[in-house]
Amino acid sequence: MPDTLAQPVSYTLDVKHSRFIAHAAPIEGASAALAFLQEVAVADATHNCWAYRHGQDYRSSDDGEPAGTAGRPILAAIDGQGFDRVMVVVTRWFGGIKLGAGGLVRAYGGAAAECLRTAPRLPLVAMARLQLLAGFEDLGALHAALPAHAAEKRDEQFDANGVRLRVELPADQVDALKIRLRDATRDRIRIQQDDRLDD
């Protein structure tokens, strides 16, 4: 699994009198990426170029620079540093000396890469969702097992037979939780994958 950022970070680079400031932040999706762009873009700067990656979803913008010289190098920096769920905005103030296409690629990609290289990382953990069906007699064992496997309750519904509990937990904890519940309740708790992604 790739990492995301632990917190927003920034980095400044000067190249032939042009100033580049890279701002990077963790994001929860495309709307968060564009909100971060609105937050850090500088209206009187020459360009506010950006890229984000959120799983298979990614976009980039050259914001008026020659095609392929800013957005794609920023995205390549995100991928090259092993990040996901990250947005990077590189703002440029033109200093009077043209850098050429190669110079722009190096400046935008380099500012983004250096910003991310020194940033505090937060490992992304693959999560799984389960639906647990338990009788009343097993509620104590069920609730005791959840925190031991970092499982968080998403929904809990009671009926005449017991409880239907939806939980989310690290994927690498699923098998251990199943074994613990099986052993603690003589295999009475029914466990199913829960593919519903709504909370």
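Anything mentioned here points back to the structure above.
Notes on the structure in this doc start here.

Rules behind the numbers
Residues numbered from 1 in each chain as written. Predicted model: local features only at pLDDT ≥ 70, side-chain atom pairs only at ≥ 80, totals over all residues. Heavy atoms only, no water. Pairing = 2+ DSSP bridges. Helix = DSSP H or I, 4+ residues; strand = E, 2+ residues; numbered from the N terminus. Axes fitted to C-alpha atoms, helices over the stretch in contact; angles between N-to-C directions. Contact = heavy atoms within 4.5 Å. Core = buried A, V, L, I, M, F, W, Y, C linked by side-chain atoms within 4.5 Å. Buried < 20%, exposed > 50% of the residue type's maximum accessible area, 1.4 Å probe, protein only. 1 Å grid on protein atoms, 1.4 Å probe; cavity = no way out; pocket = protein on both sides within 12 Å on 5 of 7 lines; lining within 4 Å. Points joined across faces, edges and corners; volume = space filled by probe spheres on them. Nonpolar A, V, L, I, M, F, W, Y, C, P; charged D, E, K, R; others polar.

**What about the sheet that holds strand β4 (residues 47-54)?**
Then comes step 1: Taken in spatial order, the five strands make up an open sheet running β2-β3-β6-β4-β5, and their pairing is antiparallel. Lying at the two open borders of the sheet, with one neighbouring strand each, are β2 (9-15) and β5 (57-61). When strand polarity is set aside, the average angle formed by the axes of neighbouring strands in this sheet is 15°.
Then comes step 2: Across seven bridges, β4 lies against strand β6 (residues 86-93) in antiparallel orientation. The residue of β6 that forms the bridge with histidine 47 is arginine 92.
Then comes step 3: Contacting β4, β5 and β6, helix α2 (residues 71-80) crosses the sheet at an angle of about 40° to β4.

**Examining the pairing of strand β9 (residues 152-159)**
Then comes step 1: The pairing of β9 with strand β10 (residues 162-170) spans seven bridges and is antiparallel. Across the sheet, phenylalanine 158 pairs through a bridge with valine 163, a residue of β10.
Then comes step 2: Connecting the antiparallel pair β9 and β10 is a turn made up of two residues.

**With respect to the nonpolar core**
Then comes step 1: Core analysis: the largest hydrophobic core is formed by 25 residues, its most contacted members being Leu5, Ile74, Val88, Val90, Tyr108 and Leu116.
Then comes step 2: Counting residues per element, the ones that place at least two in this core are β3 (18-26), β4, α2, β6 and α3 (100-117).
Then comes step 3: Sort the elements by how many residues they give to this core and α3 lands first, with seven residues.
Then comes step 4: Sequence-distant contacts of leucine 5, defined by excluding residues within four places in its chain, comprise Ala24, Ala25, Pro26, Phe83, Val86, Leu116, Ala119, Pro120 and Leu122.
Then comes step 5: Counting residues in each nonpolar core, the second largest holds 17 residues, with Ala128, Ala145, Leu146 and Val163 among its members.

**Some thoughts on the environment of phenylalanine 136**
Then comes step 1: Secondary-structure assignment places phenylalanine 136 in the loop between β8 (127-135) and α4 (139-148).
Then comes step 2: Aside from chain neighbours lying at most four places away, what touches phenylalanine 136 is Phe158, Asp159, Ala160, Asn161 and Gly162.

**Side note on the layout of surface pockets**
Then comes step 1: When its volume is computed, the largest pocket comes out at roughly 340 Å³.
Then comes step 2: Lining the largest pocket are 14 residues; nearest its centre among them are Glu28, Arg85, Leu124, Val125 and Met127.
Then comes step 3: Residues of the lining of the largest pocket, tallied by class, amount to nine nonpolar, two polar and three charged.
Then comes step 4: A volume near 160 Å³ is recorded for the second largest pocket.
Then comes step 5: At the level of elements, β8 and β10 are the ones that each hand at least two residues to the lining of the second largest pocket.
Then comes step 6: Residue classes in the lining of the second largest pocket are distributed as three nonpolar, three polar and four charged.

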